[in-house]
Structures are given as C-alpha cells and as structure tokens.
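Here are the chains, one letter per residue:
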Amino acid sequence: MNARTSALDSLVFGVDIQSGDIRGDAPSYALVVFDGESIERDVVSHRKLRRRIESEEPAVVATDNAYELAADKDDLVRFLRALPHGTSLVQVTGDERPEPLSRVASRHGVPYGKKPMKEAEASARLAAANVGYEVTAFTDTTTVKVSRGRSTGKGGWSQDRYTRRIHGNVKRRAREVESELEEAGLDYEVDITEKYGGYANAVFSVEARPQDIPVSAGRSGDTRVEIERERRDGIEFEPLVKRRDRVVVGIDPGTTTAAAVVGLDGTVFDVYSTRTADTAEVIEWLVERGRPVIVAADVTPMPETVETFRRSFDAAGWTPDSDLPVDEKLHRTREEAYDNDHERDALAAALFAVDDHADQFERVGRRTPAGIDRAEVIARVVADEQSVEGALADLRDDDGDEEEESGPEPRELTDEEKRIRDLEAQVERLSGHVDDLKEQLAEKDDEIEELEAELSDARREERLEARRDREVTRIRRENDRLERERDEARETVEELEEKLARMKTLWKLDHDDFADVSEGRDLVPVKPVEQFTKAAIRRADEEYGLAAGDVVYLRDASGAGRATAERLVETEPRAILRTGGLSDVAEEVLFEHEIPVGPADDVAIQEVDELAVARESDVEAVIEDWERRAEERELEQTEAMVDEIISEHRAGEAERT
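What this report covers is the structure whose coordinates are included nearby. (Residues numbered from 1 in each chain as written. Predicted model: local features only at pLDDT ≥ 70, side-chain atom pairs only at ≥ 80, totals over all residues. Heavy atoms only, no water.)

This part takes up the overall build of the chain. Across its full length, the chain holds 16 helices and 21 strands. The proportion of buried residues among the 657 residues of the chain is 38%. Counted over contacts in the chain with a minimum sequence separation of 6, partners at least 24 positions apart contribute 62%. (Helix = DSSP H or I, 4+ residues; strand = E, 2+ residues; numbered from the N terminus. Buried < 20%, exposed > 50% of the residue type's maximum accessible area, 1.4 Å probe, protein only. Contact = heavy atoms within 4.5 Å.)

See the structure below:
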C-alpha cells in the first residue's frame, strides 16, 4: 500500500507537533491512527513515533509540515531513508509553498480544529482522500549490493582456501539474486567485481522500489545483502493525483494484466502491463492518469475482471460486436508504442472505443457553450446517460451560474378566479412532484446504506484475501529457498561420495598394487603440471602447492624457455618426470641447477583425478640414471675444455716459431 490508496484500504498516521521543537528540546507529537473505519489518538515522543512507524508500517505518515519531523534537509533525508519501504511521507498542505491546513481542510470538507490532535486528524483524513504531496528524496531505482559478509583475514596456512570459499559464496548468492530478479520480471543492470575464487561484490541497479524487489537485506554467513534507494539531488514534492483528465481506458485481463489510457481525442497517454500487481494496484495506476469515462475490452461479452474496473470508476462500458481480430488490432495500433501483445490488445480496445464514440463526442462538443468543460459534459452524457441539456443544467447549478428566474404574473391574465385556479393546480402538481422526489431520495438513501455495508464487507474480505495471498507468497518463497538448499546439499553429498570413492581407490593402490610397501618402503606423491608453461606452473601451485622436494610430472614438456624453466627451478623439485622432449635451453637450465630429469614412461604413475603416486624405487632409478648421464656430460664437457686448451696452446706455439 502507498499514499495513493484510499483510506479504507490503508493505515494512515496523522502527525502534528504537540510541544517542544525538533530543533531544540525533545518534542512530543499528537498521533492519530486512521484505517478508514476507526481512529486511535495518542501523544508520543519522537523516538516512540519512529518505533511505531517501524513496527506498524503505515501506508502514509501525514503532516501539515514535513519539517516538524526533521531539523533540516539532511535530517529529513535520514528520516525518509529510515521509513519502511511501503511507507510514504505526505505533506497535505502542498509542496514547497504550503497552504494553511484550515484552508485545505475546508476545501475538501474535512473537520478541522486548532488543537494539535485535531490538526493531526485532519492531516490523516486528507491524506486518506489522496490530498497532498508525497515528500521524496529518492528515485525509483534501487541498488542491491551482494558482498562479503566477513573479512578475508590477514593470512595463514589456509588463507587461499578460506578466501576462495568466501568469494565463491558471494558469487553463488549474486546468482540467486539475479535469478530472483529475473523471475520477478524486473529490469536491472549489474556491475561485478571478480576476485580469486569468485566475486568480491555484485551491485544490481534495479528499476523498482525496494518493496517491489523479492530480495531481503541482511547478512548470512560469508555474504551480506544491502538494499538502498538512489538519492535525488534534493527534496521533491510529488502530487498524489497527477492527472485528472477525462479518459478512455482499455483493459486486457489475464495472467498478465494490461491497461491503456487514451484521451477523448484519441491521444495515447500511457500503457502498462504487469504479472504481479493486483486489481487495486492497477486501479491506483489508472487513477493517477485520469478519470475514466469509458472502460473498454477487445472481446465480447465483457470479461468479469474488466467489469470490475468499470464498476470501480462508475464508467460506461464498451465491447466490440465480436472479438477484435489480431490484424485489425495491429493496424489500429501501428503508430503507437507498446511492449507486448497484452498492451497492444488493451490499447486497441481503448482506441476502437474512441472511434466508436467519435461522432457522439463531436455532437456533444458542438452543443456545449463556451466556458463549459466539454470533457465533463461528455462524461455526464456517456457515463451517467444524461441528456446534453441535463448535463449543462447540472454544471450550471454546480457553478452557481444559473439564477432562478422570477417575474410578475402575465398582465394579460386579469380574471382573478382563473389565476387562483391555475396557481392552485400548479401548487398541487409541484407538491406531488416533491413527494415523489422525497420517496426516491429515501429509496436511494436505503440503497446507499446497503451498498456501503456490502462495500465494507467486500473490502474487509479483500484485505483478508490480500493477507492470505502475502502469506502464501512468503511460504512459497521459503519453500523454494529450502528446495534450493536441499538440491545444493544433494549435489554436495554426491561430490563427497565421488571423492570418497576416489580416495578408496587411491588407498587400494597404496596397499594392494605395490608389494614393496610391505618391505618398509612407501609410495612417493607426484604433482602433475599440464604444460611446461608459467601459467600451468602457477595454476598447479595454487591448486595443491609446489614445495621443495616434490616430484613434478610434466604432462607436456615441450616449448619451455629459460624464464619458464627458472620459474620451475624456484620450487626446488626433487626430480622432474616428463612426457615429450625438453627444449635445449630448458634442459640446460635444469642441468645447471642439478635437478634430475627423466622420462615419465620409466615410472609407473598411478593417477586418480588430481592425485598421483609413483614407486619410490622407480623415482630413485630415474634420479640415478640422470646422475650417471650428468657425470658423463660433465666428463664430456671437461674433455672438450681440455682439448680446447691444448688446441689453443699448440696454436700459440706455432705462432711463436
């Protein structure tokens, strides 16, 4: 509910300062709680007023001066930010230049008194009747920020895993929020900051008010969700009722309800469609855009939902002789903008209704004198089924423009008896007409009382139905959340079961396949690296760590240069097993740092996912083979060096002789 909903469907707080001053001593306030049927009066402190607003979440907090609740503009912005999402602050006396409350109350027929409690009641009743301006400092764009719920810490043995988990949970929660926004059909933009293992934060800019977003703010474990409306440049005052033109409305009911508002001359004012709003919200949207004269549908007979809208506005109804074909609707709306087929159908219904009444509108316009509201005459003729003369007469009576005609009796009637007889007949005739009118008035009063009682019961039932719908929606959302958690838990169990199976396989490898384990020797772990590149070395180091003394298995040893080889040397491996050939440069770097290198084919490596083991004896054999080849290589290098020295010496002797 919000400030544009009538008092019978809303809870309204009327507030006026009782004593003190918001800028000085702690003030007290006269508070009137009005729900359309009953009134509660109380005197509260500023703090208690804030607590009651927070706990009861009224649709409107009404006052004759917003600055009785805040010391300055900044304080007023803070007050507005603290209001519940469904609560509006309304200044009933106007915008930046308010009128006296007594004048506004008198204009709208609301009881008024000078005491603070009477002024608070007048404010509540005026706001309930859609009188005043909503005080706002925020746009209809809301920021939803998903971020880390705890610090990643200063480091430790498990720092990388801890950080990765937090960022992963932020990413998971961001995707849940994105899914919920998609399901609600909301337009949004998202700005994501990616970090190691997932997201550091994700900021959604949603084109909706916080109460329309199916996401709750709060902190849960590793994540935190913050919801905040975007600030305007300053304080703005928006009228509760923006347009009061006489209009023609088209309605397309169904799972998606669409509405179109068209002027009496065929000008399209606005179109709208929703899958979530109820009838009351659509009526509210229409009230903001005009006073319907005709409510139209594109099918015949008129659907019950459209009939409900028609009765709500006491407007005339219009349906085509037969259901409008799609090609005719497309042709009639070809020059207008709409977002979907539902809006097209509603717009077509309104435009065809205007076309059907165009001649009648023109005739009424020609017969309407200057100075009389043509649209008001059309409304009375079409919706109230009055004649043009009757509508003009009523409007003149309402404006006080028509004076009662009086004058002397015609002088030519000189027969006194005839004159008296005519006057008596006239009096008798008028007396009978007055009696008939009194009887009709009594019948109308009785009918009004019955209808008001039915309306009160219907609205009470509608409120109960709305509460039930909200509770059902809440339970469904909770059920969906629990089902998602169940599915995630099942996936986790499956992953753990697969992991356990792999660990059992590895255990069997460790205890069954190698006979030499029983002789007191153990298996040696092997750490695979996919390619002999810096990126692959860094990825392996991040996943399971490369430490001094490790046996490294290069699945593809080709293509490495000096810098890559030196990066691997920094990890100080005990030995390197390779598949494929090393480049000369890489082999030279590894040889210089005395790191044994041998073919992986000479070692029985057993792998389970990222885990791998090998026989210690095979690794030792590779190391011994490399050491033998290293000695031979050093011997060859020494011999080459000696040969070079001898050659240089002989060349020098030859030059001297």
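A few words now on unusual backbone geometry. Here Thr 300 and Pro 301 are connected by a cis peptide whose omega angle stands at 0°. Positive phi, normally seen in glycine, also occurs at Glu 385, with a value near 60°. Looking at the secondary structure, you find Glu 385 in the loop between helix 10 (374–382) and helix 11 (388–399).

For any two helices packed against each other, one specifies the crossing angle of their axes together with the interaxial distance. Where helix 15 (residues 584–592) contacts helix 16 (residues 616–656), the two axes come as close as 12 Å, and the packing angle between them is 100°. Judged by the angle between their axes, helix 15 and helix 16 are roughly perpendicular. Residues Glu 587, Glu 588 and Phe 591 of helix 15 touch helix 16, and the partners they reach there are Trp 626, Ala 630, Arg 633, Glu 634 and Gln 637. Split by residue class, the contact of helix 15 with helix 16 holds 3 nonpolar, 1 polar and 4 charged. (Axes fitted to C-alpha atoms, helices over the stretch in contact; angles between N-to-C directions. Parallel < 35°, antiparallel > 145°, perpendicular 65-115°, else oblique. Nonpolar A, V, L, I, M, F, W, Y, C, P; charged D, E, K, R; others polar.)

On to the sheet that holds strand 12 (residues 257–263). With mixed pairing, 5 strands are arranged side by side in an open sheet as 13-12-11-14-15. Each edge of the open sheet carries a strand with a single partner, namely strand 13 (268–274) and strand 15 (316–318). Strand after strand, the sheet turns through a mean of 25° between neighbouring axes, direction not considered. Judged from the 5 bridges that link them, strand 11 (residues 246–252) and strand 14 (residues 291–296) form a sheet pairing that is parallel. (Pairing = 2+ DSSP bridges.)

Treat this as a map of the structure, not an account of what it does.
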